[in-house]
Amino acid sequence: MNDNTINPSSESTPQNFINEIIDEHLRTNKYEGRVNTRFPPEPNGYLHIGHAKSICLNFGLAKQYNGTCNLRFDDTNPTKEEVEYVDSIKEDINWLGFNWGKTEYYASDYFAQLYDWAEQLILAGKAYVCELNAEQIRAYRGTLTEPGKESPYRNRSVEENLDLFRRMKAGEFTDGSKTLRAKIDMASPNVNMRDPVMYRILHQEHHRTGATWNIYPMYDWAHGQSDSIEKITHSICTLEFENHRPLYDWFVEQLGIHHPLQIEFARLNLSYTVMSKRKLLQLVEDGFVKSWDDPRMPTISGLRRRGYTPESIRAFTDKIGVARRDNVIDVALLENCIREDLNKKALRRMAVLNPVRVIIDNYTEGLIEELDAVNNPEDTNAGSRKIEFSRELFIEHDDFMENPVSQFHRLSPGKEVRLRYAYIIKCNSIEKDADGNITAIHCEFDPETKSGTGTSKKKVKGTIHWVSAHNAVSVEVNLYDRLFSVEDPQGDKVIDWKEFINKESLITLPACKVEPALKDAAAGDKFQFERLGYFCVDKDSKPGSPVFNRTVTLRDSWAKIEKKNG
RNA sequence: UGCCGGGUCGUCUAACGGUAGGACAGCGGCCUUUGGAGCCGUAUGCGGAGGUUCGAAUCCUCCCCCGGCAGCCA
């Protein structure tokens with residue numbers, strides 16, 4: 001490479017140890033300079049943010065090196081897999097912005113080839129039909145510190161093995177009565193090499209092959225060969241498969257077929273959540289959340305519904321890097337990514353979550369003024385809009401304090417505050433009901449302080465948002481927060497992880513007041529409610545009555561002050 | 001106790017024998033008609049002990065700690 005040559009993708013794309021391996025392969029012309037990866041989900045659940053890391057890695061590498069990335073469904077276990085999951089996985093990958101080309105690959109497409117290879121191993125004396133039951137197999141496997149024992153069926157003749165295996169395939173035997181096992185080494189220090197099961201009998205309909213098969217390949221038998229069939233060069237997976245690599249290597253070597261290189265990386269862990277499919281399934285099934293795409297879930301569909309953008313998730317996966325050490329990413333980084341993206345894109349609107357009525361006593365009754373409001377100060381192309389101002393408004397309950405602390409810069413008795421895009425007002429009195437709740441705040445406005453006129457010499461510390469009462473639209477808002485109240489819900493040996501579920505992870509406010517422009521917002525539309533946070537329209541909203549989901553709050557330095565003051 | 005892997009700011013992640021840098025979080029400040037955004041500044045780190053070397057996060061030795069593995073799951 002000459003000095004002027006710059007890898008076009010090397011500037012923006014973060015480098016990691018996998019790039020180094022691939023660069024070395026390219027230098028030595030291993031795999032004829034090809035880079036072919038794959039993303040191989042099992043269709044037994046919804047994809048989560050951890051999968052997003054893998055998706056961005058695999059598709060990203062393909063893009064970076066002008067290679068390909070196959071989407072392959074590892075559908076070798078018909079008892080757990082469903083078409084629903086296949087569809088959701090495709091939708092999520094697409095949404096994330098990746099394209100797998102015309103072909104969708106399925107491990108189930110290789111069942112016949114895998115079967116032939118199994119016979120080949122039997123013929124070579126490298127596989128045998130075992131009649132030990134599951135419990136016995138476990139007992140014979142030995143322990144982590146003790147070698148296993150050889151199965152009594154280990155030394156059958158090739159003819160007998162072939163006959164039995166063909167009859168397994170033909171459906172002559174009951175589930176669990178026999179397995180096909182690789183004949184490797186029962187004393188191997190790597191338990192994966194202790195005659196692993198290759199096939200189990202399962203009289204079960206498969207979502208794609210129907211009732212064709214009575215035996216199904218184990219993942220360990222299917223995965224490496226599937227990669228090999230697809231001529232994958234770099235088979236990237238998570239660390240827990242590291243101990244399986246010698247087995248995958250053994251299979252492809254016995255078969256004499258293309259040998260992909262498996263590279264393992266550390267899976268993503270996120271603070272304040274759980275990531276395993278099993279636990280996510282449990283959250284759904286036990287009703288802790290409403291669905292797989294509940295906005296509190298770390299699933300891709302949940303994040304989407306929460307208001308995350310594909311760009312923000314891709315930026316996140318870039319920032320967390322790829323390495324082999326265990327990691328727990330601070331969820332604050334994810335939140336930072338969506339704020340950063342939405343700050344640039346989201347239109348600003350005013351919304352009052354916990355409304356309290358303000359009456360401007362010296363403002364002409366019935367008068368309505370149109371004021372200019374900027375749609376996005378970060379994006380001049382977003383333009384501006386007109387908002388209507390009148391004598392009665394709603395402001396945020398929290399923006400008024402009857403007995404203000406010293407650092408409180410908003411409305412309080414006798415004090416002034418600016419209404420965003422409008423006037424400076426001063427609080428003169430308050431009305432309360434019998435229970436002492438504030439029902440109205442009486443103010444006067446200063447006509448000289450109209451926003452944008454520059455006629456005011458007044459300076460006030462605070463600016464608050466508001467919605468005019470005469471045309472405010474009432475909407476439902478879901479305030480979402482972290483699903484767990486502790487960083488590591490699984491970190492306690494005694495207390496069950498579900499005990500740490502944040503009971504305030506969802507607060508629904510049925511009657512928030514928003515400006516009329518928001519009435520016809522469509523599902524998925526994203527906004528910044530000024531001073532509050534980013535919100536998006538829930539997908540189940542009815543036309544004309546949007547339900548808003550809070551994606552994330554704005555950074556809140558007031559909250560910090562409050563916290564510091566106890 | 002077997003095998004495999006891993007330990008760099010609070011959390012992630014760079015450095016590939018030559019000044020330990022970046023991001024997020026934190027703290028302090030500036031600015032502000034969003035207590036937003038932005039800007040500036042700042043503290044904190046090579047698990048430990050030896051060794052090789054002019055020079056070690058990087059190479060060697062020993063130790064300590066953490067993770068994964070005993071499904072007819074993937």
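Residues numbered from 1 in each chain as written. Chains lettered and ligands numbered in written order. Predicted model: local features only at pLDDT ≥ 70, side-chain atom pairs only at ≥ 80, totals over all residues. Heavy atoms only, no water.

Visitor: Please give an account of helix α1 (residues 17-28) that cites residues and values.
Guide: When the terminal C-alpha atoms of α1 are compared, their 17 Å separation across 12 residues agrees well with the 16 Å that a helix rising 1.5 Å per residue should span. The set of residues buried in α1 consists of I18, N19, I22 and H25. All buried residues of α1 lie within an arc of 125° about the axis, which places them on one face of the element. In this structure, α1 carries E20 and R27 as exposed residues pointing more than 90 degrees from its buried face. (Helix = DSSP H or I, 4+ residues; strand = E, 2+ residues; numbered from the N terminus. Expected span 1.5 Å × (residues − 1). Buried < 20%, exposed > 50% of the residue type's maximum accessible area, 1.4 Å probe, protein only. Arc of directions from axis to C-beta.)

Visitor: Any details on the packing of aromatic side chains? Residues and values, ideally.
Guide: This structure, assessed with the given rule, holds 22 aromatic pairs. Measuring from ring centre to ring centre gives 5.6 Å for W250 and F251, while their planes differ by 70°; the resulting arrangement is edge-to-face. Under the relative-accessibility criterion, W250 is labelled buried at 14%. Looking at F251, the relative accessible area reads 1%, which means it is buried. Plain terms: the ring middles of Y363 and F445 are 5.0 Å apart, the flat faces sit at 65° to each other, and that makes the pair edge-to-face. With Y363 in the loop between β12 (355-360) and β13 (369-374) and F445 in strand β18 (residues 438-446), this pair connects stretches of sequence that are 82 residues apart. Like Y363, the residue F445 is buried in the burial classification. Here the aromatic cluster, defined as three or more aromatic residues joined through ring pairs, consists of F111, Y115, F165, Y199, W213 and Y216. Here K149 stacks its cationic end above the ring of Y140, 4.6 Å away from the centre of that ring. Over the aromatic face of W95 sits the side chain of R304, whose NZ or CZ is 5.1 Å from the ring centroid. (Phe/Tyr/Trp six-rings, centres within 6.5 Å; stacked < 30°, edge-to-face > 60°. Lys NZ or Arg CZ within 6 Å of the ring centre and 35° of its normal.)

Visitor: Quick one: what's the story with the sheet that holds strand β4 (residues 127-130), residue by residue and with numbers?
Guide: With antiparallel pairing, 4 strands are arranged side by side in an open sheet as β4-β5-β6-β7. Looking at the sheet topology across the chains shown, the edges are occupied by β4 and β7 (215-217). For this sheet, the mean angle separating the axes of adjacent strands, direction not counted, is 20°. Here 3 bridges tie strand β5 (residues 179-182) to strand β6 (residues 197-201), and the two strands are oriented antiparallel to one another. Each residue of the ladder has a partner; that of T179, found in β6, is R200. Each of β4, β5, β6 and β7 is contacted by helix α4 (residues 111-123), which is oriented at about 120° to β6, the strand it contacts most. (Pairing = 2+ DSSP bridges. Axes fitted to C-alpha atoms, helices over the stretch in contact; angles between N-to-C directions. Contact = heavy atoms within 4.5 Å.)

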